[in-house]
Amino acid sequence: MTRSLTILGATGSIGRSTADVVLAHRDEFRVEAVVGGRNAAALAQVAQRLGAKFAALADESGSEALKQALSGTGIESGAGCSAVLEAVERDADTVLAAISGTAGLAPTHAALKPGRRIALANKESLVCAGSAFMTDARRLGVEIMPVDSEHNALDHALAAGFNRDVEKAVITASGGPFRTWTRERIAKANAKEASAHPVWSMGSKINIDSATLMNKGLELIEAHHLFDLEAERLDVLVHPEAIVHGLVQWNDGAITAGLALPDMKVPIANALRDQGRLTMDLPRLDLAAIGRLSFERPDEGRFPCLSLAKAALKAGGAMPTVLNAANEIAVEAYMADQIKFYDISEVVEIVCSTFSRRSISAPATVADALGIDQEARQAAQQLIRDYAETTRL
Ligand SMILES: NC(=O)c1ccc[n+]([C@@H]2O[C@H](COP(=O)([O-])OP(=O)(O)OC[C@H]3O[C@@H](n4cnc5c(N)ncnc54)[C@H](OP(=O)(O)O)[C@@H]3O)[C@@H](O)[C@H]2O)c1
């Protein structure tokens, strides 16, 4: 049976890998709509490659460029919020949500429709508004399939038993580009160095999050919402080979793990599958050739963002929303060379500590979450302006 699919973030790293999976299974998928941010030419290209019916660009000013690029193709197009909403409203069995950052929350939430499946890459949706998002998904009978390789692995491992028998669910981190660097050297690292991920090829924001290990922290919060596991039963291990993506330790001491070569097409194919698995023409994992798999504990001294995310998860309430918003602003400022590497964790820590005094409860709706997100962004922006002032003095 052919499944209809809409891809949010179709021009990004996950979007492009999804296109590869779909094109390898042309008879199984029909692409209804593709959504991009600002790059009209790239969106037009992916829309044509996939034979999509509709292409929507979030940036309204790209409307003409998109129309021009698609003229004569028969593909309809639109730009701005209403076009993005039109894309998610159109008839599709599955929506793959891969917009980067909190910008992905509103369209991903709008994509929740009875009977639909969401293949979720946009972890920020769950970090910003986890309880509200998951409550709505359950109410509407929407299946959420994790695309993140760690959660995809956990999803399989957890299927081997009952939630109550899980002692620990562990997600792995490759350790990022600074795994072996001293704190002093990391402190001076620029965004280009932080983006040089040793294993994965990804978008710019997640690259920096991987260098700070905030990405792993966001993934712990994501795992909490996806699998209904509290902070005490979630953990992180550094595993530089990036072969074991997630492990479940059961209360009898046995472990079930998910292994694969580090290629996002594997979890994407899995998240898009209907029944069984899609056959993928990818290199096979040869454990004998690899020979050795190594694991180490994360160093939260050199990577304080991980402990900040763990603290936000434990504190609950609105703290994950605040953490996520402050992190996005700090990462943007770091990429723009306005702050240093360890200013990212400092900004997040100060904003979280300011908001923690208010004991705000977990946002009950996505709109509430976006309100808190805005407030936390403003606080982080003010802090970064203050940094700039201090540096100028
Ligand atoms: N890359 C990975 O290996 C990986 C693994 C696991 C999870 N994830 C998660 O997947 C998500 C996407 O990551 P990525 O690496 O693919 O990011 P990316 O390469 O930066 O791509 C982001 C995509 O989102 C679009 N976009 C940005 N802002 C938008 C907006 N306001 N409205 C609509 N579209 C917008 C971009 O369009 P333009 O190109 O036009 O800007 C692009 O298509 C993130 O949440 C990330 O954490 C990624």
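Whatever comes next refers back to the structure up there.
Described in the following lines is the structure provided in the data block. (Residues numbered from 1 in each chain as written. Predicted model: local features only at pLDDT ≥ 70, side-chain atom pairs only at ≥ 80, totals over all residues. Heavy atoms only, no water.)

### Describing the pattern of salt bridges
So, step 1. Scanning the entire structure with this criterion turns up 25 salt bridges.
So, step 2. Among the salt bridges present, the one from Arg90 reaches Glu32, with a minimum N-O distance of 2.9 Å. Of this pair, Arg90 sits in the loop between α4 (81–89) and β5 (94–97) while Glu32 is found in strand β2 (residues 29–36), placing the two residues 58 residues apart along the sequence.
So, step 3. Its relative accessible area of 17% is what places Arg90 among the buried residues.
So, step 4. For Glu143, the salt bridge goes to Arg117, with nearest N and O atoms at 3.2 Å. Separated by 26 residues along the polypeptide, Glu143 in strand β7 (residues 143–146) and Arg117 in strand β6 (residues 117–120) bring together distant segments of the chain.
So, step 5. Among the residues examined, Arg117 registers a relative accessible area of 6% and is labelled buried.
So, step 6. A network of salt bridges, in which partner residues are shared, links Arg30, Glu32, Lys53, Glu76, Glu86 and Arg90. (Salt bridge = Lys/Arg side-chain N within 4 Å of Asp/Glu carboxyl O. Helix = DSSP H or I, 4+ residues; strand = E, 2+ residues; numbered from the N terminus. Buried < 20%, exposed > 50% of the residue type's maximum accessible area, 1.4 Å probe, protein only.)

### Some remarks on the sheet that holds strand β10 (residues 244–250)
So, step 1. Strand order in the open sheet made by the four strands is β9-β8-β10-β11, with mixed pairing throughout. Here the strands that pair on one side only, and so sit at the sheet edges, are β9 (234–238) and β11 (255–259). Each strand of the sheet is rotated relative to its neighbour by a mean of 20°, with strand direction disregarded.
So, step 2. Examined bridge by bridge, strand β8 (residues 166–173) and β9 share five bridges and lie parallel to one another. Within β9, the residue paired with Ala169 across the bridge is Leu234. (Pairing = 2+ DSSP bridges. Axes fitted to C-alpha atoms, helices over the stretch in contact; angles between N-to-C directions.)

### Looking at the packing of helix α14 (residues 304–315) against helix α16 (residues 341–356)
So, step 1. At their nearest, the axes of α14 and α16 sit 9 Å apart, and the two run at 20° to each other. Looking at the two axes, α14 sits roughly parallel to α16. For the crossing formed where α14 meets α16, the hand is left-handed. Touching Pro304, Cys305 and Leu308 of α14 are Tyr342, Ile344, Ser345, Val348 and Glu349, all from α16. (Parallel < 35°, antiparallel > 145°, perpendicular 65-115°, else oblique. Left-handed = near helix turned anticlockwise from the far one by under 90°. Contact = heavy atoms within 4.5 Å.)

### What to know about the side chain of Ser149
So, step 1. Mapped onto the elements, Ser149 comes out in helix α7 (residues 149–158).
So, step 2. Aside from chain neighbours lying at most four places away, what touches Ser149 is Trp200, His245, Met264 and Pro267.

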